Amino acid sequence: MGKDHKPWLANRRSKIDWKFWKRYDRYLSEATAIPKPVIRELNKVTDKTLDLLSDPLDTFPWDRRGLIVGRVQVGKTSNYIGLICKAVDAGFKLVIVLAGLHNDLRSQTQVRIDEGFLGFDTSKNMSFDHSNAWVGVGALKGIRKNDYIVHALTTSLKDFSRSKASGLATRPGGKDPFILVIKKNKSIIENAIMQIVSICGEDNPESPGQKIIMNVPFLLIDDEADHASVNTAEIYNDKREIDPELNPSTINRLIRQLLHSFQQSAYVGYTATPQANILVHDSAYSDKAGEDIFPRSFIINLSVPENYIGSETVFGTNRIQYTENTGLPIIRRVIDSLEVFPLRHKTDLIVNSLPDSMVEAIRSFVIVIAARMARGQRNKDNSMLIHVSRLNKVQDRVAQLVTDEINLIRQLLEYGAKAGGVELRDRMKALWEKDFMKTTPKVQEVLTFDSFPLPSWKDIEKHLFDAASRIEIRQLNTTAKNVLDYKKYKGIGLCVIAIGGDKLSRGLTLEGLSVSYFVRFSGMYDTLLQMGRWFGYRPGYADLCRLYTDPELIEWYRHISDAMEGMREQFDLMYEEGLTPQDYGLRIESHSEGLIVTNPHKMRAGQPIRMGYDDSLIVNTSFDVSLKVVDKNIKILQKFLENLGSYSKKGGKFLWYGVHGEKIASFFDGMSTPDSAYRANSTLIAKYIRVQIERDALTEWTVVLGSGDGSGKFKAGFVIVQRNVRNNPDRFIGDTYRIKTSFSPNDEGLDLSEKELKLARDNALKLSKKKSGGTARNPEATIGGQIRRLRPKERGMLIVYPIESKQLEPSITLLGFAVSFPYDTEAEKINYVAN
């Protein structure tokens, strides 16, 4: 991948002793519940990644930079531990893992490294010797410990220390590999750079007075690579030119300096939310820090195992597909939280009581623990997430009230009728019958891979007091000293209600998470997705999981899920075509106006953005419903259709072929779209079409007049489409009204022949199987991309959907549209200023 990179692994594979990988592979197979197909896919993708790095035995200078994208809680840590094992087997001598900003996450990551790579518990002994406490791969039977010598410079209790490192008898670059697991902390990374350079550095012949580390192949794993690692400082001067004299933000600068200190280095970032990473400028350079961390060499999208429960599974999707997906019936709409936790509350917010919905969620958590006990899962971890505020003092008050509520539940369950416990048990029984008994069969219809019998209330009731008694309340924020150490409860199970904010938003795994109470609003894609810790694997209790959240957040998550899936499709197609991120021109699409893809400071290189529409489907979902704009748009549509001439009919739709691109651009010139529609923006679309016409692209268009079910009548020059556009006050922002979609899935392929449509379906099926490791998962979701690849660059498609809704007052007709742009890698982009 890349013009100057040559695959090397196939040539060296038989010569490498894969001892660390084979040990880890055996550990995954024997000591974890990870299915064998998932382990096989892990082997495959780590091979692919290793091959995209340089051969560590090559002595000439090399510098590879890539990104691995996996969904939230999909198993990225397992993936990079596998990569570390293979990299060390192949000859990498030093590995540094950047593991988040907080001690909790760094410690959790170190424990996983201990178990999967080192084989010994670093909290007991950091050095490799006979007194190690063997864990994970080191505790497997028949393992010769001295065959796997690795020097650890950090422990699960302590981050990097220069004094400890300076006392080593050996140094990186020798026979045995070294590994550090460190926080993204200024002093920690600076100390690591100074110590390693002082031990291993040599005079740089190209830069007198500077040190460089030669012949120490270095792998840097950046976990949560979009968090703190991306430059948030300005990179442009007043002339909008990249200025190498401008200092990047601290952590970004130190990561770049660390890579810049090695003659042979590889950077691999891991994230579930890569928006900020792909918006890093691909040629930004600082004299002091070197090249930025844009993943210029490769981006790999991790496939999803069948038993993974992700955003689309939970929230459903509005994506263009033939099968309806409305999500799992585990979401409970919270409508009373804003009274207690206003959107823009301050640290002095008075919280005297919990919302009724949170009380119900806590009772549900007690029921879930009891139900799992009744299923024989007594000694398993159980977690509940409460995320209502980013402010520590507000979290303190919530934690006290939750503690009071749990104590009350225990008291009522223990003393029964004397303390009013009969009423509580009756309420919990009613909750079980009204909710869980009805929901479990519906969940198991969708999640066919995980079906457990539903216990009777009698079996559950006898575990209620025990379940409530085991619950601990933990605050996870910057002021709290509590740490979620599930390892201490191995064989017993930790039952915990975790109350926090930002520390719950990044990487931290809540084991056995079943009930989430989440009403924290954020206007950014990546922040919202990272806060969704309920994604992942829920073996044996997925049907018992509950998510209590705000109705608006449900819509936001569905929109974000759709946009992320579109971005992942780009990654897959880019890889299949052998292109690098520098070649491809990645972009982030959105069907949701009002949200931004990431923090504006992380998009320094995105202002202005050179934006393109090639290989994309643009659907407007926001409408200006002021009568003046509505009337103007409909008149524009009438005039446009009258000038198109004769039409054909297909599938109940009206079609015009060979319409010149200038007519399409003029149509968009005349109509109005809301300012918040940053992609479905009529002015930008018109400008983009004209730029392409100048290069003889987008010159001939197919126009489709959609009539929904095909029963619409030709009236006043256009079809009136009856659609269920409800008068929902939550969908109004001023004069802007939002709907889910106006698009009909089959319409995008109306201009293709049956033969071409079959080819598109076959290609979508092939891609779906490849992404999921052999099993086709919803190939219809990717057919749009295949359709756009079959069209020549000259032919676009405009589909208009006049939408009449008598439920809006007054009754009006809105102009919905969808624009399908063909695949065209040479398409010119247009300037667009974001945010």
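Model, not experiment: these values are computed from the prediction.

Colleague: Which residues make up the overall build of the protein, and what values go with them?
Modeller: Counting its secondary structure elements, the protein contains 24 helices and 31 strands. The 835 residues of the protein split such that 60% are buried. Restricting to contacts in the protein with at least 6 residues of sequence separation, those with at least 24 account for 78%. As displayed, the protein has an accessible area near 34,300 Å², and 49% of this comes from carbon and sulfur atoms.

Colleague: Would you mind going over the environment of Ser-389 in detail, with residue names and values included?
Modeller: Of note, Ser-389 is situated in the loop between β13 (382-387) and α13 (392-415). With a relative accessible area of 1%, Ser-389 lands in the buried category. Residues Ser-389 and Lys-346, 43 residues apart in the sequence, show an inter-C-alpha distance of 9.5 Å. What Ser-389 contacts, discounting residues up to four positions off in sequence, is His-345, Val-394, Gln-395, Gly-500, Gly-501 and Arg-520. Separated by 3.0 Å, the side chain of Ser-389 and the backbone nitrogen of Leu-391 make a polar contact.

Colleague: Could you give me a rundown of the packing of helix α20 (residues 627-642) against helix α21 (residues 661-670), with the residues and numbers involved?
Modeller: α21 packs onto α20 with a crossing angle of 160 degrees between their chain directions and a minimal axis gap of 9 Å. Put simply, α20 runs roughly antiparallel to α21. For the crossing formed where α20 meets α21, the hand is right-handed. For the pair formed by α20 and α21, the contact residues are Lys-632, Ile-636, Leu-637 and Phe-640 on the first element and Lys-663, Ile-664, Phe-667 and Gly-670 on the second.

Colleague: A description of the sheet that holds strand β12 (residues 331-333) should follow, citing residues and the corresponding values.
Modeller: Reading across the sheet, the six strands line up as β12-β17-β16-β13-β15-β14 and stay open at both edges, with parallel pairing between neighbours. A single partner strand is all that each edge strand has here, and the edge strands are β12 and β14 (471-476). With direction set aside, neighbouring strand axes in the sheet form an average angle of 15 degrees. Taken together, the five bridges between β13 and strand β15 (residues 495-500) define a ladder with parallel strand orientation. Its bridge partner being in β15, Asn-382 is matched across the sheet by Cys-495.

Colleague: Explain the environment of Gly-100 to me, and be specific about the residues and the numbers.
Modeller: Within the secondary structure, Gly-100 is located in the loop between β2 (94-99) and α5 (103-118). For the pair Gly-100 and Leu-508, spaced 408 residues apart in the sequence, the C-alpha separation amounts to 9.2 Å. Apart from residues no more than four positions distant in its own chain, Gly-100 is found in contact with Leu-105, Lys-183, Lys-184 and Asp-223.

Colleague: Describe the packing of aromatic side chains, naming the residues involved and giving the relevant values.
Modeller: The full count for this structure, using the stated rule, is 23 aromatic pairs. Seen in terms of ring centroids, Tyr-24 and Tyr-27 are 6.5 Å apart; in terms of plane orientation they differ by 25 degrees. Their pairing is stacked. Placement of the pair is Tyr-24 and Tyr-27 together in helix α2 (residues 19-31), with a separation of three residues, close to one helical turn. Where Phe-218 meets Phe-262, the ring centres are 4.2 Å apart and the plane angle is 25 degrees; that geometry is what we call stacked. A residue pair is termed long-range when its members are at least 10 positions apart, and Phe-218 in strand β7 (residues 218-223) and Phe-262 in the loop between α8 (250-260) and β8 (264-271) qualify at 44 residues. Judged by relative accessible area, Phe-218 falls into the buried class, the value being 0%. A relative accessible area of 6% means that Phe-262 is categorised as buried. Among the aromatic side chains, those forming a connected cluster through ring pairs are Tyr-613, Tyr-688, Trp-701 and Phe-821. Here the guanidinium or amino end of Arg-23 rests over the ring plane of Tyr-148, the centre of that ring lying 4.2 Å away.

Colleague: Break down the sheet that holds β2 for me, with residues and values.
Modeller: With parallel pairing, the seven strands of this open sheet are ordered in space as β3-β4-β2-β7-β8-β1-β11. Taken across any chain shown, the strands that pair with only one partner, and hence form the sheet edges, are β3 (151-152) and β11 (298-301). α8 rests against β1 (62-69), β2, β7 and β8 of the sheet, and its axis sits at about 160 degrees to β7.

Colleague: Can you break down α2 residue by residue, with the values?
Modeller: Given a rise of 1.5 Å per residue, 13 residues ought to cover 18 Å, and the 18 Å separating the end C-alpha atoms of α2 matches this to within 8%. Buried residues along α2 sit in contact with α3 (36-52), α4 (76-90) and α5.

Colleague: I'd like a description of the nonpolar core, backed by residues and values.
Modeller: Core analysis: the largest hydrophobic core is formed by 122 residues, its most contacted members being Leu-50, Ile-84, Ile-96, Ile-113 and Phe-117. In this structure, Leu-50 is in contact with Trp-8, Leu-9, Trp-18, Leu-83, Lys-86, Ala-87, Ala-90 and Phe-92, ignoring residues within four places of it in sequence. Phe-341, Val-366, Leu-401 and Phe-436 belong to the second largest nonpolar core, which has 52 residues in total.

Colleague: A description of the side chain of His-345 should follow, citing residues and the corresponding values.
Modeller: Checked against the element boundaries, His-345 lands in the loop between α11 (337-340) and α12 (356-374). On the basis of relative accessible area, His-345 is assigned to the buried category, the value being 17%. Within the local environment of His-345, its side chain forms a polar contact with the backbone oxygen of Pro-342, the two atoms lying 2.6 Å apart. Within the local environment of His-345, its side chain forms a polar contact with the side chain of Ser-389, the two groups lying 2.8 Å apart. Ignoring any residue separated from it by four or fewer positions in sequence, one finds His-345 in contact with Val-388, Ser-389, Leu-391 and Val-394.

Colleague: An account of the pattern of salt bridges is requested, with residue identities and associated values reported.
Modeller: Summed over all chains, the structure comprises 34 salt bridges. Of the charged contacts, one joins Asp-47 and Arg-13 as a salt bridge, the two residues approaching to 2.8 Å between their closest N and O atoms. Placement of the pair is Asp-47 in helix α3 and Arg-13 in the loop between α1 (9-12) and α2, with a sequence separation of 34 residues. Asp-47 gets classed as buried once you look at its relative accessible area, which sits at 16%.

Colleague: Explain the pairing of strand β30 (residues 812-821) residue by residue, including any values.
Modeller: Of all ten residues in β30, ten are buried, a share of seventy percent or more. Both faces of β30 are covered, namely the face carrying Ile-812, Leu-814, Gly-816, Ala-818 and Ser-820 and the face carrying Thr-813, Leu-815, Phe-817, Val-819 and Phe-821. Sheet topology note: the strand β19 (residues 616-619)/β30 ladder contains four bridges and is antiparallel. Note that in β30 the partner of Val-619 across the bridge is Ala-818.

Colleague: Go over the packing of α4 against α5 with me, naming the residues and quoting the values.
Modeller: At their nearest, the axes of α4 and α5 sit 10 Å apart, and the two run at 50 degrees to each other. Judged on the interaxial angle alone, α5 and α4 are oblique. Judged by the sense of rotation from one axis to the other, the crossing of α4 with α5 is right-handed. Of the residues in α5, those touching α4 at Thr-77, Ser-78, Tyr-80, Ile-81, Ile-84, Cys-85 and Val-88 are Thr-109, Arg-112, Ile-113, Gly-116 and Phe-117.

Colleague: Could you give me a rundown of the confidence of the model for the protein, with the residues and numbers involved?
Modeller: On average, residues of the protein carry a pLDDT of 83, and 82% of them reach 70 or more. Ignoring residues within four places in sequence, the model shows residues 708-733, a span with pLDDT below 50, making 71 contacts including any to other chains.

Colleague: An account of the environment of Met-214 is requested, with residue identities and associated values reported.
Modeller: Its place among the elements puts Met-214 in the loop between β6 (211-212) and β7. Here the alpha-carbon distance between Met-214 and Gln-263, two residues 49 residues apart in the chain, equals 5.2 Å. When near neighbours in sequence (up to four residues on either side) are disregarded, Met-214 contacts Glu-202, Asp-203, Gln-263 and Gln-264.

Colleague: For unusual backbone geometry, give the residues involved together with the corresponding values.
Modeller: The backbone of Ala-228 sits at a positive phi, close to 75 degrees, despite the residue not being glycine. As for its position among the elements, Ala-228 is in the loop between β7 and α8. Note on Ala-228: relative accessible area 25%, which makes it partly exposed. For Leu-698, which is not a glycine, the phi torsion comes out positive at approximately 55 degrees. Of note, Leu-698 is situated in the loop between α22 (682-693) and β23 (700-705).

Calculation notes
Residues numbered from 1 in each chain as written. Predicted model: local features only at pLDDT ≥ 70, side-chain atom pairs only at ≥ 80, totals over all residues. Heavy atoms only, no water. Helix = DSSP H or I, 4+ residues; strand = E, 2+ residues; numbered from the N terminus. Buried < 20%, exposed > 50% of the residue type's maximum accessible area, 1.4 Å probe, protein only. Contact = heavy atoms within 4.5 Å. Areas by Shrake-Rupley, 256 points an atom, 1.4 Å probe, with all protein chains shown as cover. Polar contact = N/O pair within 3.5 Å; in protein donor to acceptor, adjacent residues only side chain to side chain. Axes fitted to C-alpha atoms, helices over the stretch in contact; angles between N-to-C directions. Parallel < 35°, antiparallel > 145°, perpendicular 65-115°, else oblique. Left-handed = near helix turned anticlockwise from the far one by under 90°. Pairing = 2+ DSSP bridges. Phe/Tyr/Trp six-rings, centres within 6.5 Å; stacked < 30°, edge-to-face > 60°. Lys NZ or Arg CZ within 6 Å of the ring centre and 35° of its normal. Expected span 1.5 Å × (residues − 1). Core = buried A, V, L, I, M, F, W, Y, C linked by side-chain atoms within 4.5 Å. Salt bridge = Lys/Arg side-chain N within 4 Å of Asp/Glu carboxyl O. pLDDT = per-residue confidence, 0-100.

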